[in-house]
Amino acid sequence: MADKARIAVMVSGGGTNLQALIDAQNSGLIEKGEIVLVISNREEAYAAERARKAGIETHVVTRKANGGQEGFEKVCMELIDSRDVDLIVLAGFLTILSKDFVTHYEHRIINIHPALIPSFCGDGFYGIKPHIAALERGVKVTGATVHYVNEIADGGEIIAQKAVNVEEGDTPEILQRRVMEQAEWLILPVAVAKICRRIVKERNGRI
Ligand code: GAR
């Protein structure tokens, strides 16, 4: 019986959350999971470089090269299914996936969002934008959320959250960095480790 859950990570940008996952795998925190596949939907994403450096099978799959969203998702599905992936992690993946895609992998896709859902989330709130909105609204606390992905943008079941203080004089970039350091890079690997343990236990019929 396979002793590790097989993880695919989907990325679009710098890949610091992917790096946190790679580091957690190397340190043994994710002891029941293995990242077997990284898919970047952007040609220039540094995340893909991080994955290659870590020796992980990496593919750049763009909408443009595959005739739009449907073609893009079809290629992703083929890759994911042919590698027997158990868990899909959206780690800085900045495109909304279709209802067909998320229902195909029900309860098997998780996402990290850079705010405390239900604040500053949903369509259009990605990357730096939740931090701009948080500063504009004047909140004193923000944070990050790990959640399951369903057909509603940022609407799936919440798995973990961590609050981070907003400080006097914060810019969106400073706040983004603090939320990453104090929340995202911590809660995402822990959530992945926990889900992988559960997947392996279930597979081995111990619960
Ligand atoms: C992270 O802050 C992540 O939470 C956010 O994009 C950034 C990617 O950074 N994701 C979203 O906004 C998803 N809606 P990274 O590429 O360095 O991990």
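Residues numbered from 1 in each chain as written. Predicted model: local features only at pLDDT ≥ 70, side-chain atom pairs only at ≥ 80, totals over all residues. Heavy atoms only, no water.

## Notes on helix 2 (residues 46-53)
Line of reasoning, step 1. Inspection of helix 2 places Ala 47, Ala 48, Arg 50 and Ala 51 among the buried residues, and these make up the whole buried set. Buried residues in helix 2, looked at end-on, bunch into an arc of 160 degrees, giving them a common side.
Line of reasoning, step 2. Gly 55 sits one or two positions beyond helix 2 and adopts a positive phi of about 75 degrees. (Buried < 20%, exposed > 50% of the residue type's maximum accessible area, 1.4 Å probe, protein only. Helix = DSSP H or I, 4+ residues; strand = E, 2+ residues; numbered from the N terminus. Arc of directions from axis to C-beta.)

## As for the site of the ligand
Line of reasoning, step 1. The local shell around the ligand holds 15 residues, among which Gly 15, Thr 16, Asn 17, Gly 127 and Glu 184 are the closest.
Line of reasoning, step 2. Note that an oxygen atom of the ligand is positioned 2.8 Å from one of the backbone N or O atoms of Gly 15.
Line of reasoning, step 3. In the environment of the ligand, an oxygen atom lies 2.9 Å from a nitrogen or oxygen atom belonging to the side chain of Asn 17.
Line of reasoning, step 4. Those elements that place two or more of their residues in the shell around the ligand are helix 1 (16-27), strand 5 (109-113) and helix 6 (172-203).
Line of reasoning, step 5. For the shell around the ligand, the residue count by class is 6 nonpolar, 8 polar and 1 charged. (Near = heavy atom within 4 Å. Polar contact = N/O pair within 3.5 Å; in protein donor to acceptor, adjacent residues only side chain to side chain. Nonpolar A, V, L, I, M, F, W, Y, C, P; charged D, E, K, R; others polar.)

## Overview of the packing of helix 1 against helix 2
Two measures define how a pair of helices packs: the angle their axes make with one another and the distance between the axes.
Line of reasoning, step 1. Axis separation between helix 1 and helix 2 bottoms out at 9 Å; the angle between their running directions is 15 degrees. Judged by the angle between their axes, helix 1 and helix 2 are roughly parallel. The two elements helix 1 and helix 2 cross, and the hand of that crossing is right-handed. Together, Thr 16, Leu 18, Gln 19 and Ile 22 of helix 1 and Ala 47, Arg 50 and Ala 51 of helix 2 make up the contact between the two elements.
Line of reasoning, step 2. Its residues assigned to classes, the contact of helix 1 with helix 2 shows 4 nonpolar, 2 polar and 1 charged. (Axes fitted to C-alpha atoms, helices over the stretch in contact; angles between N-to-C directions. Parallel < 35°, antiparallel > 145°, perpendicular 65-115°, else oblique. Left-handed = near helix turned anticlockwise from the far one by under 90°. Contact = heavy atoms within 4.5 Å.)

## Regarding the nonpolar core
For soluble globular proteins, the rule of thumb is that nonpolar side chains tend to be buried together.
Line of reasoning, step 1. The biggest cluster of nonpolar side chains holds 40 residues, and the ones touching the most others in it are Val 9, Leu 21, Val 89, Ile 110, Leu 188 and Val 192.
Line of reasoning, step 2. The dominant element in this core, judged by the number of residues it contributes, is helix 6, at 12 residues.
Line of reasoning, step 3. For Leu 188, the contacting residues outside a window of four places in its chain are Asn 17, Leu 21, Val 89, Ala 91, Ile 110, Ile 112 and Val 146. (Core = buried A, V, L, I, M, F, W, Y, C linked by side-chain atoms within 4.5 Å.)

## Quick notes on the state of the cysteines
Line of reasoning, step 1. By the definition in use, this model includes 0 disulfides.
Line of reasoning, step 2. Cys 76 forms no disulfide, and the closest cysteine sulfur to it belongs to Cys 196, at a distance of 20 Å.
Line of reasoning, step 3. Taking relative accessible area as the criterion, Cys 196 reaches 0% and is therefore assigned buried. (Disulfide = S-S within 2.5 Å.)

## Regarding the pairing of strand 1 (residues 5-11)
Line of reasoning, step 1. For strand 1, a buried count of 6 out of 7 residues is recorded, marking the element as mostly surrounded by other parts of the structure.
Line of reasoning, step 2. Across 7 bridges, the pairing between strand 1 and strand 2 (residues 33-40) is parallel. Within the sheet, the bridge partner assigned to Ala 5 lies in strand 2 and is Gly 33.
Line of reasoning, step 3. Sheet analysis places strand 1 next to strand 4 (residues 87-90), joined by 4 bridges and oriented parallel. Its bridge partner lying in strand 4, Met 10 is registered against Leu 90. (Pairing = 2+ DSSP bridges.)

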